[in-house]
Amino acid sequence: VNQDFDQPIKIKSEYQTADGIKKVSVFRENVNITQGSLEINADELEVDAGKGKGQETFIAKGTPASYEQTMKDGSRIRAAAEYIEYRVEGRILTLTGNAELHQNNHSVRGSSIEFNMEKEQLMAQGTDDGDGRVMTIFQTESTVKKQKTQQDEEQQD
Amino acid sequence: MKRIYISIGLLFLLILATNNLWWLDTQPQETEQQDEAFLQPNYLASNMQTRLYNEQGQLSHSIHANNMEHYDLLGFTLFQQPRYRIFVAEDEAPWEVTAEQGTLYEDNRIQLETNVRIISQDKEGFIRTVTTSFIEIDLTGKTMTSDQSVTISGENYTISGNGFSADLTTKQFELLDHVQTIYGKTS
């Protein structure tokens, strides 16, 4: 199991307010969320703790909000979307609004993407043009290598 | 040799004159006593317990303090080691507020200083504890404000920041200069 999820979740932001009745906190301005290697950056974050301990839901909003985490194989997964919802208990990440997810050598884009962070599996995607097609870009090994050599050449110039 | 004695004598007179100023002091003696009256507490109490009720007859807040001094002319009461219980609603557990010192003003504001701890007796409440070095509580409006660093903790979180305001009735609170919040066990 990825040790990230045993770590406390730390939130930094400039402004914070909370509603003790609804048990919802809102963080604004330069919001940064970390949990082990997991990192989310956003403009605003809402944390709903209404269901109790360890079942909080974090909804980050940004233009876009971004997510990164180190996978078991050491590679770094990255995602971005207008809304990033992190359900702590299920370790599920739901990206909505111009969602994109980059893992190893493939990228996925759609209006919404659901990803199980622990199993490192894509669970569902949706697209808003209604015809059910989803854009998944598989970058073959060679294209990845080609991009890498291009990057190396640029660095040498 | 003579000149030294003269200069020492003159110096002595000068010190005497500037120090005493008795010949300048025209005010009569009583005004000094009047100033001191302000500084004398009207009454003192130790190990005291006070209960205050609102117009509807409901218990609004109670204070226990090791000792208390009331200054009528200055319009405030000083408490040492006050322990306040603030009752927000009838069916709700009170908040318990403790500190080293407290000053209660006539408009029902209390300022608490040094080791201020505010603990909710409501086990389901979102906020459980607030600790800071200074807080002002409006006992009528049931609101709290502080401009010092503050730590707020609840069932599964701890918030730290500078400057804080809270409304005990609506249960809304706000940090203007939020530093960090931690969810989950704090290491």
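Parameters at a glance
- Residues numbered from 1 in each chain as written.
- Chains lettered and ligands numbered in written order.
- Predicted model: local features only at pLDDT ≥ 70, side-chain atom pairs only at ≥ 80, totals over all residues.
- Heavy atoms only, no water.
- Helix = DSSP H or I, 4+ residues; strand = E, 2+ residues; numbered from the N terminus.
- Buried < 20%, exposed > 50% of the residue type's maximum accessible area, 1.4 Å probe, protein only.
- Areas by Shrake-Rupley, 256 points an atom, 1.4 Å probe, with all protein chains shown as cover.
- Pairing = 2+ DSSP bridges.
- Phe/Tyr/Trp six-rings, centres within 6.5 Å; stacked < 30°, edge-to-face > 60°.
- Lys NZ or Arg CZ within 6 Å of the ring centre and 35° of its normal.
- Salt bridge = Lys/Arg side-chain N within 4 Å of Asp/Glu carboxyl O.
- pLDDT = per-residue confidence, 0-100.
- Core = buried A, V, L, I, M, F, W, Y, C linked by side-chain atoms within 4.5 Å.
- Contact = heavy atoms within 4.5 Å.
- Patch = residues over 30% accessible without salt bridge, like charges linked within 9 Å, V, L, I, M, F, W, Y side chains within 5 Å.
- Polar contact = N/O pair within 3.5 Å; in protein donor to acceptor, adjacent residues only side chain to side chain.
- Buried area = accessible area lost by both parts, 1.4 Å probe.
- Nonpolar A, V, L, I, M, F, W, Y, C, P; charged D, E, K, R; others polar.

**Topic: the overall build of chain B**
Right, on to step 1. When helices and strands are counted, chain B shows two helices and eleven strands.
Right, on to step 2. The N-to-C order of helical and strand elements in chain B reads α-α-β-β-β-β-β-β-β-β-β-β-β.
Right, on to step 3. Counting all 187 residues of chain B, 34% fall into the buried class.
Right, on to step 4. Of the roughly 11400 Å² that chain B leaves accessible, carbon and sulfur atoms contribute 53%.

**Details of the overall build of chain A**
Right, on to step 1. Across its full length, chain A holds one helix and ten strands.
Right, on to step 2. Secondary structure of chain A in N-to-C order comes out as β-β-β-β-β-β-β-β-β-β-α.
Right, on to step 3. The proportion of buried residues among the 157 residues of chain A is 42%.
Right, on to step 4. Within the structure as shown, chain A displays about 8600 Å² of accessible surface, and the carbon and sulfur contribution to it stands at 46%.

**Brief notes about the pairing of strand E4 (residues 38-48) of chain A**
All names here are of chain A.
Right, on to step 1. Note that strand E3 (residues 24-35) and E4 share ten bridges and pair antiparallel. Bridge pairing links Val31 to Ala42 in E4.
Right, on to step 2. In textbook terms, the turn of a hairpin is the stretch between consecutive antiparallel strands, and for E3 and E4 this stretch comprises two residues, one of which, Gly36, has a positive phi near 65 degrees.

**What to know about the packing of aromatic side chains**
The geometry of an aromatic ring pair comes down to the distance between the two centres and the angle between the two planes.
Right, on to step 1. Tallied over the full model, the rule gives nine aromatic pairs over all chains.
Right, on to step 2. An angle of 55 degrees between the planes, with centres 6.4 Å apart, marks the rings of B:Phe164 and B:Phe173 as tilted.
Right, on to step 3. Residue classification places B:Phe164 among the buried residues on the basis of a relative accessible area of 3%.
Right, on to step 4. Aromatic ring contacts, followed pair by pair, group A:Phe58, A:Tyr86, B:Phe126, B:Tyr157, B:Phe164, B:Phe173 and B:Tyr183 into a single cluster.
Right, on to step 5. Looking at B:Arg109, its charged tip hangs above the ring of B:Tyr105, at a distance of 4.7 Å from the centre.

**Notes on unusual backbone geometry**
Right, on to step 1. Geometrically, the link from A:Thr63 to A:Pro64 is a cis peptide bond, its omega value of -5 degrees lying close to zero.
Right, on to step 2. One non-glycine residue, A:Lys23, lies in the positive phi region at around 60 degrees.
Right, on to step 3. A positive phi angle, close to 65 degrees, is found at B:Lys171, a residue other than glycine.
Right, on to step 4. Among the secondary structure elements, B:Lys171 is positioned in the loop between strand E10 (157-167) and strand E11 (172-183).

**A closer look at the pattern of salt bridges**
Residue and element names in this part refer to chain A.
Right, on to step 1. In the structure shown here, the tally under the stated rule is eleven salt bridges over all chains.
Right, on to step 2. Between Arg28 and Glu44 there is a salt bridge, with its nearest N and O atoms 3.4 Å apart. Of the two residues, Arg28 is situated in strand E3 and Glu44 in strand E4; the sequence distance between them amounts to 16 residues.
Right, on to step 3. Judged by relative accessible area, Arg28 falls into the partly exposed class, the value being 32%.

**Here's the deal with the confidence of the model for chain B**
Should the pLDDT be low somewhere, the predicted coordinates at that spot are not to be read in detail.
Right, on to step 1. On average, residues of chain B score 84 in pLDDT, and 87% of them reach the 70 mark or higher.
Right, on to step 2. The ipTM value of the predicted complex is 0.78, and its pTM value is 0.76.

**Description of the nonpolar core**
Right, on to step 1. Ranked by size, the top nonpolar core spans 65 residues in total, and within it A:Tyr67, B:Ile152 and B:Phe173 carry the most contacts.
Right, on to step 2. Aside from chain neighbours lying at most four places away, what touches B:Phe173 is A:Gln16, A:Thr17, A:Ala18, B:Phe126, B:Ile127, B:Ile152, B:Ile159, B:Phe164, B:Ser165 and B:Ala166.

**Observations concerning the pairing of strand E8 (residues 106-116) of chain A**
Residues and elements named next belong to chain A.
Right, on to step 1. Strand direction decides the pairing type here: strand E7 (residues 92-103) and E8, joined by ten bridges, are antiparallel. Its bridge partner being in E8, Leu101 is matched across the sheet by Val108.
Right, on to step 2. Pairing of E8 with strand E9 (residues 121-126) involves five bridges; the strand directions are antiparallel. Residue pairing in the sheet places Ile113 in a bridge with Gln125 of E9.
Right, on to step 3. Between E8 and E9, which pair antiparallel and follow one another directly, the connecting turn spans four residues, one of which, Glu120, has a positive phi of 55 degrees.

**Notes on a nonpolar patch on the surface**
Right, on to step 1. Residues B:Ile6, B:Leu10, B:Phe12, B:Leu13 and B:Leu16 make up a contiguous nonpolar surface patch of roughly 530 Å² in combined accessible area.
Right, on to step 2. You can see B:Leu10 is positioned in helix H1 (residues 2-20).

**Quick word on the side chain of A:His102**
Residue and element names in this part refer to chain A.
Right, on to step 1. By secondary structure assignment, the location of His102 is in strand E7.
Right, on to step 2. His102 gets classed as buried once you look at its relative accessible area, which sits at 17%.
Right, on to step 3. A polar contact of 2.9 Å, which involves the side chain of His102, links it to the side chain of Glu100.
Right, on to step 4. Looking at His102, its side chain comes within polar contact range of the side chain of Ser107, at 2.8 Å.
Right, on to step 5. When near neighbours in sequence (up to four residues on either side) are disregarded, His102 contacts Arg76, Ile77, Arg78, Ser107 and Arg109.

**What about the interface of chain B and chain A?**
Right, on to step 1. Opposite the 21 residues of chain B that make contact, chain A presents 25 residues.
Right, on to step 2. Between chain B and chain A, a total of about 2000 Å² is buried, with carbon and sulfur atoms accounting for 48% of that surface.
Right, on to step 3. Among the residues of chain B in contact with chain A, B:Phe126, B:His178 and B:Tyr183 are the three that bury the most area, contributing 35% of the side total.
Right, on to step 4. In this structure, the connection of chain B to chain A is made through zero salt bridges.
Right, on to step 5. On inspection of chain B and its partner chain A, the count reaches 13 residue pairs in polar contact (both at pLDDT 80 or more).
Right, on to step 6. At twelve residues, the largest contribution of residues to the side of chain B that touches chain A is made by E11(B).
Right, on to step 7. Among the residues making up the side of chain B that touches chain A, the classes are represented as eight nonpolar, seven polar and six charged.
Right, on to step 8. Of the strand pairs in this sheet, strand E2 (residues 15-19) of chain A and E11(B) are connected by four bridges, and their pairing is antiparallel. Directly across from A:Ala18, in E11(B), lies its bridge partner B:Phe173.

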